[in-house]
Amino acid sequence: MSEYSRSNATFKNYAISLGILVGIVLIMAFVVSTRSGEHIPSVDYRQDIDVLSGAADYAVTAPSPELTEEGWTPTSSTLNVSGPVEWSVGFATAADSHAMLTQSDADPEQVVADRVKEAEEVGTVAVDDREWEHFDSEEWGALVLREDDVTVVVSGSAELDELVHLAEGLQTRPAAGGGADTEGTEAG
């Protein structure tokens, strides 16, 4: 009699097929696990600061470069120099929240309404000897500093301590034609 058994051949084919499938699944799991790390796109907003400094009639406030060293990632920068001059720069914070700095010479009430969303004013917060209006809701918070010629808003889904940290790290440049260089002075 022949030593060939149909049951042995069937089992052998099943084992080979199962081995191939397990190999494919392991390769897919490896590829997915290496790509699962979240990649946050980063932008360089320094050019916008230079353009804004030349276009704005107010002292430009910019985040300290130290924020990026602390794990804050700049994710967006939007500059509008036609009409009211407005600049916004968004950050993914070190605690994986979102915070944004906006400054504008548009109507202060409109700037605040646009940036605080549905948050309500709940008081003030002292940042570097200046009182910022504090707005808060369940999902959004904001700090607002109204100057004669510009409104500065720090807002986002970040916790209040992160918003304060951003406000504390702001540095002010002089207005276009504003005389002495005050870069590095704190705005908040």
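Residues numbered from 1 in each chain as written. Predicted model: local features only at pLDDT ≥ 70, side-chain atom pairs only at ≥ 80, totals over all residues. Heavy atoms only, no water.

> Looking at this model, I keep getting lost on the overall build of the chain. Mind explaining?
Along the chain, the regular secondary structure elements total five helices and ten strands. Each of the 188 residues in the chain was classed as buried or not, and the buried ones make up 34%. Per element, the accessible surface of the chain, about 11,400 Å² overall, is 52% carbon and sulfur. (Helix = DSSP H or I, 4+ residues; strand = E, 2+ residues; numbered from the N terminus. Buried < 20%, exposed > 50% of the residue type's maximum accessible area, 1.4 Å probe, protein only. Areas by Shrake-Rupley, 256 points an atom, 1.4 Å probe, with all protein chains shown as cover.)

> Would you mind going over the nonpolar core with me for this structure?
Side chains of a nonpolar character, in soluble globular proteins, are inclined to be buried together. Judged by nonpolar contacts, the single largest core of 29 residues is most densely connected at Trp87, Trp132, Leu143, Val154 and Leu166. Elements represented by at least two residues in this core include exactly helix H2 (46–55), strand S1 (60–63), strand S3 (86–92), strand S4 (98–104), strand S5 (120–127), strand S7 (141–146), strand S8 (151–156) and helix H5 (160–168). The greatest single-element share of this core, amounting to four residues, is contributed by H5. If near-sequence neighbours (up to four positions away) are discounted, Leu143 is found in contact with Val125, Trp132, Glu133, His134, Val152, Val153, Val154, Leu160, Leu163, Val164 and Ala167. With eight residues, the next largest nonpolar core counts Val111, Ala119, Phe135 and Val153 among its residues. (Core = buried A, V, L, I, M, F, W, Y, C linked by side-chain atoms within 4.5 Å. Contact = heavy atoms within 4.5 Å.)

> Can you help me understand the sheet that holds S3 in this one?
In any sheet, the strands associate via hydrogen bonds between backbone groups, in a parallel or an antiparallel arrangement. Pairing is antiparallel across the open sheet formed by seven strands, whose spatial order is S2-S3-S4-S8-S7-S6-S5. Only two strands of the sheet have a single neighbouring strand rather than two, namely strand S2 (73–80) and S5. Geometrically, the sheet is characterised by an average inter-axis angle of 20° between neighbouring strands, direction not taken into account. Sheet topology places S4 next to S8; six bridges connect them, and they run antiparallel. Within the sheet, the bridge partner assigned to Met100 lies in S8 and is Ser155. Its contacts with the sheet place H2 against S2, S3 and S4, and it is angled at close to 30° to S2. (Pairing = 2+ DSSP bridges. Axes fitted to C-alpha atoms, helices over the stretch in contact; angles between N-to-C directions.)

> For this particular structure, what's the right way to read the packing of aromatic side chains?
How two aromatic rings sit relative to each other is given by the distance of their centres and the angle of their planes. One pass over the full model with this rule turns up three aromatic pairs. Ring plane angle 45° and centroid distance 6.0 Å describe the contact between Tyr45 and Trp87, whose orientation is recorded as tilted. With Tyr45 in the loop between helix H1 (6–35) and H2 and Trp87 in strand S3, this residue pair connects regions lying 42 residues apart in the sequence. Each ring, one from Trp72 and one from Phe91, has its centre 6.0 Å from the other, and the planes form 70°; the classification is edge-to-face. Of the two residues, Trp72 sits in the loop between helix H3 (66–69) and S2 while Phe91 sits in strand S3, which places them 19 residues apart along the sequence. Of the two residues, Trp72 and Phe91, both sit in the buried class. (Phe/Tyr/Trp six-rings, centres within 6.5 Å; stacked < 30°, edge-to-face > 60°.)

> I tried to follow a nonpolar patch on the surface on my own but got confused; where do I start?
Taken together, the side chains of Ile16, Ile20, Leu21, Ile24 and Met28 present a nonpolar region at the surface, about 500 Å² in accessible area. Positionally, Ile24 belongs in helix H1. (Patch = residues over 30% accessible without salt bridge, like charges linked within 9 Å, V, L, I, M, F, W, Y side chains within 5 Å. Salt bridge = Lys/Arg side-chain N within 4 Å of Asp/Glu carboxyl O.)

> Looking at this structure, I do not really get the environment of Thr61. What am I missing?
Mapping Thr61 onto the fold places it in strand S1. C-alpha of Thr61 to C-alpha of Val150: the two residues are 89 residues apart in sequence and 9.9 Å apart in space.

> Got a minute to help me understand the side chain of Glu162 in this structure?
Looking at the element boundaries, Glu162 is found in helix H5. Of the side chains with opposite charge, Lys117 comes closest to the buried, unpaired Glu162, at an N-O distance of 15 Å. (Lys, Arg positive; Asp, Glu negative; His and termini not counted.)

> Looking at this model, I keep getting lost on the pattern of salt bridges. Mind explaining?
Between side chains of opposite charge, a pair can form as their charged atoms come close. Tallied over the entire structure, the rule returns five salt bridges. Across the salt bridge formed by Glu133 and Arg146, the nearest N and O atoms sit 2.5 Å from each other. Highlighted residues: Glu133 in strand S6 (residues 130–136) and Arg146 in strand S7, separated in sequence by 13 residues. Residue Glu133 is classed as buried on the basis of its relative accessible area, which comes to 16%. If you follow the salt bridges from partner to partner, you end up with Glu109, Glu133 and Arg146 in one network.

> Please clarify how the pairing of S8 should be interpreted in this entry.
Regular strands show a simple pattern: their side chains alternate between the two faces of the sheet. Counting buried positions over the six residues of S8 gives six, a clear majority of the element. Adjacent in sequence and paired antiparallel, S7 and S8 are bridged by four residues.

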